[in-house]
Amino acid sequence: MRVVILPSEADASNFAAGFIEDYICEKKDAVLGLATGSSVILTYEALINKYRESMLSFQHITTFNLDEYVGLKPNHTQSYRYYMKQKLFNHIDIDQSNTYIPECFDEAYELSCDNYETEIRNHGGIDLQLLGIGSNGHIGFNEPTSSLSSRTRVKTLTKNTIANNSRFFKDSEVQPSIAITMGIGTIMEAQNILLLGLGKHKSKAVADLVEGPLSSFCPGSVLQNHESAIIVLDQQAASDLKLYDYYIHTEKMKLEYMC
Ligand code: F6R
């Protein structure tokens, strides 16, 4: 596991965008796994800027989002389809028919989840998965005690997650308490993983993920078992790491060797 600690949220997000840019430049038809939420917003803004400056094209890219609330239509302002259009898809040259989100509108949830897995497989799997982390350690909507081998399925959200995300909903809007999420097993099959942790409120979850025991109680800790996972943090999110100085040192050594 590579741990990259950068001074600010902007620096961490620019690192993530740069990593994605390099990946797409190498593999123009890459399959990206995408996340929603606040942690990835600056990264998406940086990617949009790169597209506008003609440094990057998404024409041949396919995307699979991690999760979607059950019961929200795509045009609902809190649906993740709406989020992705507003924050990324409407501003780049991606073919939106190649953007997948685990939506289900006919209540055939199991079939819909199985189809999502099949679609990922049919595209050759995910090359690069972008993740955020919940303050309770969740990745996607895989809440604590989710099976570390789980596949795409309907998941009941914890009170903590519902409370954290209530900031996005108006008082008059009903906030769903269940969601469809890629499973932890699904996420772990991605070739590369890039997780962004930003802000002091993520520092405990980040410490559990990087240095804690591998446990379904912190679903993100499963990334310790991934061959190619990069954890990108701002200083605040990294502030509870015991080996903070070591991670800074190893990145510095990496830069020196590359020069
Ligand atoms: C969103 C997702 C979640 C978020 C996590 C952090 O698609 O899968 O796991 O990444 O809840 O959310 P923010 O970034 O809003 O703190």
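In this report, we go over the structure that sits alongside the text. Think of each chain on its own: its residues are numbered from 1, step by step along the sequence as written. The predicted origin of the model limits local features to residues at a pLDDT of at least 70 and limits the giving and counting of side-chain atom pairs to 80 or more, whereas totals for whole chains, interfaces and linings rest on all residues. Water and hydrogen atoms were dropped before computing side-chain values, which therefore reflect all heavy atoms in the structure.

Some thoughts on the site of the ligand
Throughout, the term near means that a residue has one or more heavy atoms lying within 4 Å of the molecule or strand in question. The environment of the ligand is formed by 14 residues, the closest being S39, D67, H138, G140 and K202. One of the side-chain N or O atoms of S39 is found 2.5 Å from an oxygen atom in the ligand. Within the contact set of the ligand, an oxygen atom lies 2.6 Å away from a side-chain nitrogen or oxygen of H138. Calculation of accessible area relied on Shrake-Rupley with a 1.4 Å probe; when residues are assessed, cover is drawn exclusively from the protein chains displayed. If the ligand stood free it would expose 410 Å²; the protein chains cover 95% of that surface. For the shell around the ligand, the residue count by class is three nonpolar, eight polar and three charged. Distance and chemistry together define a polar contact, namely a pair of N or O atoms within 3.5 Å, with one atom able to donate a hydrogen and the other to accept it when in protein, and with adjacent residues in sequence counting only for side-chain atoms on both sides. Residue classes follow a fixed rule: Ala, Val, Leu, Ile, Met, Phe, Trp, Tyr, Cys and Pro count as nonpolar, while Asp, Glu, Lys and Arg count as charged, and any other residue, Gly among them, counts as polar.

Considering the sheet that holds strand 1 (residues 2-6)
An order of 1-10-9-6-2-3-5 is seen for the seven strands of this open sheet, with the pairing classed as parallel. Here the strands that pair on one side only, and so sit at the sheet edges, are strand 1 and strand 5 (99-100). Two strands pair when backbone bridges link them, and strand 3 (residues 62-65) and strand 5 are joined in this way by two bridges, in the parallel orientation. Residue pairing in the sheet places F64 in a bridge with Y100 of strand 5. At least two bridges found by DSSP between two strands is the condition for calling them paired. Each helix is a run of DSSP H or I of at least 4 residues and each strand a run of E of at least 2, with the numbering of both proceeding from the N terminus.

Topic: the environment of E173
Within the fold, E173 resides in the loop between helix 5 (159-165) and strand 8 (178-181). Counting along the chain gives 54 residues from E173 to E227, while the straight-line C-alpha distance between them is 41 Å. Within the structure, the side chain of E173 is placed 3.5 Å from the side chain of T77, a separation counted as a polar contact.

Read these as layout, nothing more, since geometry by itself doesn't imply function.
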